[in-house]
Amino acid sequence: QVQLVESGGGLVQAGGSLRLSCVASGRTFSRFAMGWFRQAPGKEREFVAGITRSGISTYYSRSVKGRFAISRDNAKSTVYLQMNSLKPEDTAVYYCAAEDSADVPVRATLYHYWGQGTQVTVSS
């Protein structure tokens, strides 16, 4: 089992920045590919960013590429999502997810472990 706890969400004006953190516990963190997803009201959960076990490779959705950056610190069992140039359409609940995989899945159904989510609200 892996437990994931997100933090760092909040209310920010358009153009601002936030940094989300997700701390893992329970199993060896470096075994897991990590992903960030988000879900806005009435919409499906969507992939935002992902990072491989070692942190060497990262992946982003088109909507956030160039604005968001995912990173991880395996010594701290933590994955981060730095969000810059935020837009009102980035408003959603953000979830981190973990999967024991060499690749980074982009489909939410392929992740076994999820955090409880953290709300990000971007005002115009």
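Source: prediction; values computed, not measured. (Residues numbered from 1 in each chain as written. Predicted model: local features only at pLDDT ≥ 70, side-chain atom pairs only at ≥ 80, totals over all residues. Heavy atoms only, no water.)

Here we look at the pattern of salt bridges
- A full pass over the atoms with the stated rule returns six salt bridges.
- Note that Arg 31 is salt-bridged to Asp 100, the shortest N-O span being 2.9 Å. Note that Arg 31 is positioned in the loop between strand 3 (18-25) and strand 4 (33-39) and Asp 100 in the loop between strand 9 (92-99) and strand 10 (113-114), a separation of 69 residues in sequence.
- Judged by relative accessible area, Asp 100 falls into the partly exposed class, the value being 28%. (Salt bridge = Lys/Arg side-chain N within 4 Å of Asp/Glu carboxyl O. Helix = DSSP H or I, 4+ residues; strand = E, 2+ residues; numbered from the N terminus. Buried < 20%, exposed > 50% of the residue type's maximum accessible area, 1.4 Å probe, protein only.)

What about unusual backbone geometry?
- The phi torsion at Ser 77 lies on the positive side, around 55°, for a residue other than glycine.
- Along the polypeptide, Ser 77 turns up in the loop between strand 7 (68-73) and strand 8 (78-83).
- Although it is not a glycine, Ser 85 sits at a positive phi angle of roughly 50°.
- Following the sequence through the fold, Ser 85 ends up in the loop between strand 8 and strand 9.

Points about the nonpolar core
- With 29 residues, the main nonpolar core has Leu 4, Met 34, Trp 36, Leu 81, Met 83 and Tyr 94 as its most contacted residues.
- Put simply, the parts of the chain that give this core at least two residues each are strand 3, strand 4, strand 5 (46-51), strand 7, strand 8, strand 9 and strand 11 (118-123).
- One finds Ala 33, Phe 37, Phe 47 and Ala 97 within the second-largest nonpolar core, a separate group that totals six residues. (Core = buried A, V, L, I, M, F, W, Y, C linked by side-chain atoms within 4.5 Å.)

Thoughts on the side chain of Thr 52
- Relative to the helices and strands, Thr 52 resides in the loop between strand 5 and strand 6 (58-60).
- Under the relative-accessibility criterion, Thr 52 is labelled buried at 10%.
- Contact partners of Thr 52, with chain neighbours within four places excluded, come to Ser 57, Tyr 59, Arg 72, Ala 102 and Val 104. (Contact = heavy atoms within 4.5 Å.)

Brief notes about the pairing of strand 9
- By the criterion of burial, strand 9 is predominantly enclosed, with seven of the eight residues buried.
- Where strand 4 lies against strand 9, seven bridges are found, and the strand directions are antiparallel. Looking at the pairing, Met 34 lines up with Ala 98 of strand 9.
- Pairing of strand 9 with strand 11 involves three bridges; the strand directions are antiparallel. (Pairing = 2+ DSSP bridges.)

Concerning the sheet that holds strand 8
- The antiparallel open sheet is built from four strands, whose spatial order is 1-3-8-7. In the strand order of this sheet, the two ends are held by strand 1 (3-7) and strand 7, each with one partner. Taken pair by pair, the neighbouring strands of this sheet meet at an average axis angle of 15°, ignoring direction.
- By the bridge criterion, six bridges tie strand 7 to strand 8 in an arrangement that is antiparallel. Of the residues in strand 8, the one forming a bridge with Phe 68 is Met 83. (Axes fitted to C-alpha atoms, helices over the stretch in contact; angles between N-to-C directions.)

Examining the packing of aromatic side chains
- Under the counting rule described, the total for this entry stands at six aromatic pairs.
- Judged by centre distance (5.6 Å) and plane angle (80°), the ring pair of Phe 37 and Phe 47 falls under edge-to-face. Taken as a pair, Phe 37 in strand 4 and Phe 47 in strand 5 lie far apart in primary sequence, ten residues in all. No difference in accessibility class separates Phe 37 from Phe 47, as the two residues are buried.
- Between the aromatic rings of Phe 37 and Tyr 111, the centroid separation amounts to 5.2 Å while the plane-to-plane angle is 80°, which identifies the pairing as edge-to-face. Here the residue Phe 37 occupies a position in strand 4, and Tyr 111 occupies one in the loop between strand 9 and strand 10, the gap between them amounting to 74 residues. When sorted by exposure, Phe 37 lands in the same class as Tyr 111, which is buried.
- Ring pairs connect the aromatic residues Phe 37, Phe 47, Tyr 95, Tyr 111 and Trp 114, which therefore count as one cluster.
- Stacked on the ring of Tyr 95, the Lys or Arg Arg 45 has its end atom at 3.8 Å from the ring centre.
- When the ring centre of Trp 114 is taken as reference, the NZ or CZ atom of Arg 45 above it lies at 4.8 Å. (Phe/Tyr/Trp six-rings, centres within 6.5 Å; stacked < 30°, edge-to-face > 60°. Lys NZ or Arg CZ within 6 Å of the ring centre and 35° of its normal.)

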